[in-house]
Amino acid sequence: MNDASTMDYELLSPSLVEHPAGAAGMDAEQKTVFAFVIFLLVFLVMLMVRCFRILLDPYSRMPASSWTDHKEGLERGQFD
């Protein structure tokens, strides 16, 4: 390998590129992606809690009335 190709590789190597002091954190795109991932995780946890509550008590969200409330007498199965 000659010195010119080694020098080109060293110049393009990301490990040798010096970053400004302010760029040590995340840039705007990384912050946006990070916020979106956090939002999705919170949403996932909320869905898991809701599904777990439904599994524990599936009839808690049902209305108290029954489909037989409007029937009377013999239609409901009461005999004389």
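Residues numbered from 1 in each chain as written. Predicted model: local features only at pLDDT ≥ 70, side-chain atom pairs only at ≥ 80, totals over all residues. Heavy atoms only, no water.

In terms of helices and strands, the chain carries 2 helices and 0 strands. Working note: accessible area of the chain is about 8200 Å², and carbon and sulfur atoms make up 66% of it. (Helix = DSSP H or I, 4+ residues; strand = E, 2+ residues; numbered from the N terminus. Areas by Shrake-Rupley, 256 points an atom, 1.4 Å probe, with all protein chains shown as cover.)

So, about the UniProt feature "transmembrane region" (unreviewed entry) in the chain. The UniProt record annotates "transmembrane region" (unreviewed entry) at residues 33–52. Here residues 33–52 is 100% helix and 0% strand, with 28 Å between the C-alpha atoms at its ends. (UniProt positions renumbered as here; feature names shortened; annotations may be inferred.)

Moving on to a nonpolar patch on the surface. A grouping of Met26, Val33, Phe34, Val37, Ile38, Leu41, Val42, Leu44, Met46 and Met48 is seen on the molecular surface, where their side chains present a nonpolar patch of about 940 Å² in accessible area. Positionally, Leu44 belongs in helix α2 (residues 28–56). (Patch = residues over 30% accessible without salt bridge, like charges linked within 9 Å, V, L, I, M, F, W, Y side chains within 5 Å. Salt bridge = Lys/Arg side-chain N within 4 Å of Asp/Glu carboxyl O.)

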